[in-house]
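# Chains, contacts and geometry: an overview
Take a look at the letters that make up each chain.
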Amino acid sequence: MTEPAFFVLTALVDEPRHGYGIVGEVVALSDGRVRLKIGTLYGVLDRLAGDGLVQRDRDEVQQGRLRRYYRLTETGRRSLNAEAERQAANARAASARLSASTLTRRPARQGWVS
Amino acid sequence: MTRLEERYRRVLRLLPASYRAVWEEDMVATFLSSVDTDDPEEAEYIADFGRPSWSEVASIVALAVRLRIGTAGAPPRYAAWSEAIRLSVLAGMLVNAALSAVGVAMTLWLAGMIPLVSAPALAEPPGYPDSWHRVHLFAVLSGLLWLPAFLALVSGRVAAARWLGSAAAASAVVSTIVTALVTHERISGEVCYTLVLNTVLVLALAAWHRGASPVDRRSWLAALGVCVVLVTGYVWLLSRPTPPLPPLDWAGLQCVVVVAAVALHLAGQVSRRRGRFTALKPILTPTLAIIAFAVLGLRLVSLLDYALFGSEGWHPATVMLGIAEAVAIAVAATVLALLSARSLRRLPATAADAAAWSTPTR
């Protein structure tokens, strides 16, 4: 799962959102690191809708503009959960290895200096 | 509708009509929300004079490209177009693979390393430094990467083909630049065109998506054999010690082969309409059109090289024949393009809903 797809699914966990709402939520979730362009967002939404991970929730018209809301499906929730667990496991493995390395690391030339 | 919205909708026209039918209104609404501001004066100014940022346009361009060449489940028109691109890429990789294999064999032959076949008495390129041999060896060996790239592609290992093709294309650029530096010779337009074409080949490997139809491995391996024999025969003709060289240069050979293939294909199409021959695939028309335009480019660039740098060493008839070849391949390419446009236009290009356009998550 790509990073934008991961964040889009995460943005839809708590409530259905419209396109611009997803963009804003992804910025917040990623601490401003991921700013989805419209082409990227709808490429991702298209794929996720095709895979049955998100679906259209409702249409609203606000200030003369269409607002289409999307929501996470059960399959999408399971898929996101599996991906989150996979990433968490990866992060734990890396952290454990880094911690072990910090504990055992010695200055490179220690013991050689007279 | 504000002028900003008009401009954005114009950018969205890059997307296939069927995709726009599903997503356009939502995309426009999201875009306009993203440029909203609380200041009414600024909002008015943006509505009149604002333009979508380059990064927004780039994201739409990327989506348009991906939908047209890289999407499984695309409507028949784009699926056919995508298939034609894949077949053209296979043909390009095939030629590169055959050339690299023959290149290695030639190098071994010229070095007298092939037993029982004596090396030709060719003169060393005059004034070339010793380092040229090392550069030449690097060029030949790295060029050989096209062979496993092609074999990986026909075996369905697209990722490996991408890596190997990228390495081959990159090493060709490096060896061309280093050769020019070592020999102090200018890089011909034909070589530059080939390098660009190599890059396009590698980029076009994006057309292999998960839903792409499998490659007919046996046919393409047989085609590789035929191509190697053809190139070997041509190279042998060129390496004969008795001048003059045949009046057919490399671009000319490709023109002749492609024009012959086009003629056979068109004759086959006519027979097919009469019900005599039904095995021909209609997808060959756009495929041959793409190949014909690529070869036309090569022919024109090589003629330009002759005009700029002369055609010394070639047969006196090469240039005149080259012009005739350019006309023939241009006619063939135009006819094929018109036929392709007509046949592709007949295929449906609309989808009822988003799912028809959707690609599975990789």
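Up top is the structure these notes are about.
So, a few notes on the structure that sits alongside this text. (Residues numbered from 1 in each chain as written. Chains lettered and ligands numbered in written order. Predicted model: local features only at pLDDT ≥ 70, side-chain atom pairs only at ≥ 80, totals over all residues. Heavy atoms only, no water.)

### Comments concerning the overall build of chain B
- Assigned secondary structure in chain B consists of 14 helices and 0 strands.
- Secondary structure of chain B in N-to-C order comes out as α-α-α-α-α-α-α-α-α-α-α-α-α-α.
- The contacts of chain B with a sequence gap of at least 6 include a subset with a gap of at least 24, amounting to 77%.
- When the accessible surface of chain B is summed, it comes to about 19,200 Å², and 67% of that surface belongs to carbon and sulfur atoms. (Helix = DSSP H or I, 4+ residues; strand = E, 2+ residues; numbered from the N terminus. Contact = heavy atoms within 4.5 Å. Areas by Shrake-Rupley, 256 points an atom, 1.4 Å probe, with all protein chains shown as cover.)

### Section: the interface of chain A and chain B
- Listed per partner, the contact involves 22 residues of chain A and 28 residues of chain B.
- Carbon and sulfur atoms make up 54% of the surface buried where chain A meets chain B, a total of about 2,100 Å² over both sides.
- One can count 0 salt bridges joining chain A with chain B.
- In this structure, the connection of chain A to chain B is made through 9 residue pairs in polar contact (both at pLDDT 80 or more).
- Sorting the residues of the side of chain A that touches chain B by element identifies helix H2 (19-29), helix H3 (38-50) and strand S3 (65-72) of chain A as the ones contributing at least two each.
- The leading source of residues in the side of chain A that touches chain B is H3(A), at 12 residues.
- Residues belonging to the side of chain A that touches chain B are distributed by class as follows: 10 nonpolar, 5 polar and 7 charged. (Buried area = accessible area lost by both parts, 1.4 Å probe. Salt bridge = Lys/Arg side-chain N within 4 Å of Asp/Glu carboxyl O. Polar contact = N/O pair within 3.5 Å; in protein donor to acceptor, adjacent residues only side chain to side chain. Nonpolar A, V, L, I, M, F, W, Y, C, P; charged D, E, K, R; others polar.)

### Describing the sheet that holds strand S2 (residues 54-62) of chain A
Residue and element names in this part refer to chain A.
- Spatially, the 3 strands line up as an open sheet ordered S1-S3-S2, and their pairing is antiparallel. The open sheet is flanked by strand S1 (17-18) and S2, the only strands paired with a single partner.
- Pairing of S1 with S3, which is carried by 2 bridges, proceeds in the antiparallel orientation. The residue bridging His18 from the neighbouring strand is Tyr69, located in S3. (Pairing = 2+ DSSP bridges.)

### Details of the nonpolar core
Residue and element names in this part refer to chain B.
- Among the nonpolar cores identified, the biggest contains 52 residues, and Val89, Leu90, Phe150, Leu153, Trp208 and Trp220 are the most heavily contacted of them.
- Sorting the residues of this core by element identifies helix H5 (76-110), helix H7 (146-154), helix H8 (158-183), helix H9 (189-204), helix H10 (217-238), helix H11 (250-273), helix H12 (284-309) and helix H13 (318-346) as the ones contributing at least two each.
- The residues that make up this core include at least three from each of domain 2 (81-244) and domain 3 (246-347).
- Those residues in contact with Leu153, other than ones at most four positions away along the chain, are Leu90, Met93, Val158, Ala161, Leu205, Trp208 and Val215.
- Judged by nonpolar contacts, the second largest core, of 40 residues, contains Leu12, Phe31, Ile60 and Leu63. (Core = buried A, V, L, I, M, F, W, Y, C linked by side-chain atoms within 4.5 Å. Buried < 20%, exposed > 50% of the residue type's maximum accessible area, 1.4 Å probe, protein only. Domains from an automatic or database assignment.)

### Topic: the pattern of salt bridges
- Under the counting rule described, the total for this entry stands at 15 salt bridges over all chains.
- Here Asp57(A) makes a salt bridge to Arg58(A), at a shortest N to O gap of 2.8 Å.
- Overall, Arg58(A) belongs to the partly exposed group, its relative accessible area being 34%.
- With a shortest N-O distance of 2.9 Å, Arg9(B) and Glu5(B) are connected by a salt bridge. Here Glu5(B) and Arg9(B) lie together in helix H1 (residues 3-12), a separation of 4 residues that amounts to about one turn.
- For Arg9(B), a relative accessible area of 15% translates into the label buried.
- The exposure class of Glu5(B) is buried, given its relative accessible area of 13%.
- Salt bridges linked by common partners bring Asp14(A), Glu15(A), Arg17(A) and Glu25(A) together as one network.

### What about the side chain of Ser340(B)?
Residue and element names in this part refer to chain B.
- By the secondary structure assignment, Ser340 is in helix H13.
- In terms of polar contacts, Ser340 uses its side chain to reach the backbone carbonyl oxygen of Leu336, at 2.6 Å.
- With near-sequence residues (within four places) excluded, Ser340 lies in contact with Thr285, Pro286 and Ala289.

### Description of a positive patch on the surface
Residue and element names in this part refer to chain B.
- A surface patch of positive charge is lined by Arg3, Arg10, Arg13 and Arg51.
- With respect to the helices and strands, the residue Arg13 is situated in the loop between H1 and helix H2 (17-34).
- The exposure class of Arg13 is exposed, given its relative accessible area of 58%. (Patch = residues over 30% accessible without salt bridge, like charges linked within 9 Å, V, L, I, M, F, W, Y side chains within 5 Å. Lys, Arg positive; Asp, Glu negative; His and termini not counted. Charge placed at Lys NZ, Arg CZ, Asp CG, Glu CD.)

### Focus on the packing of H8(B) against H9(B)
All names here are of chain B.
- Remark: H8 packs on H9, axes separated minimally by 9 Å, with the N-to-C direction vectors making an angle of 160°. As judged from the angle between their axes, H8 and H9 are roughly antiparallel. The two elements H8 and H9 cross, and the hand of that crossing is left-handed. From H8, Arg162, Gly165, Ser166, Ala169, Ala172, Val173 and Thr176 reach across to H9, where they touch Val191, Leu195, Asn198 and Val202.
- Partitioning the contact of H8 with H9 into residue classes produces 6 nonpolar, 4 polar and 1 charged. (Axes fitted to C-alpha atoms, helices over the stretch in contact; angles between N-to-C directions. Parallel < 35°, antiparallel > 145°, perpendicular 65-115°, else oblique. Left-handed = near helix turned anticlockwise from the far one by under 90°.)

### As for the environment of Phe309(B)
Residue and element names in this part refer to chain B.
- Relative to the helices and strands, Phe309 resides in helix H12.
- The exposure class of Phe309 is partly exposed, given its relative accessible area of 40%.
- Residues Phe309 and Ser188, 121 residues apart in the sequence, show an inter-C-alpha distance of 8.7 Å.

### Observations regarding the environment of Ile290(B)
All names here are of chain B.
- Following the sequence through the fold, Ile290 ends up in helix H12.
- Taking C-alpha positions, Ile290 is 9.6 Å from Leu87, a pair spaced 203 residues apart along the chain.
- Non-local contacts of Ile290, meaning those with residues more than four positions away in its chain, are made with Trp81, Ala84, Ile85 and Ser88.

### Description of the packing of H5(B) against H10(B)
Residue and element names in this part refer to chain B.
- Between H5 and H10, the shortest axis-to-axis distance is 9 Å and the interhelical angle comes to 45°. Considering the angle they form, H5 stands oblique to H10. Every pair of crossing elements has a handedness; the one defined by H5 and H10 is right-handed. Residues Leu87, Leu90, Ala91, Leu94, Val95, Ala97, Ala98, Leu99, Val102, Met106 and Trp109 of H5 lie in contact with H10, whose contacting residues are Trp220, Ala223, Leu224, Cys227, Val228, Val231, Thr232, Val235 and Trp236.
- The residue inventory of the contact of H5 with H10, partitioned by class, reads 19 nonpolar, 1 polar and no charged.

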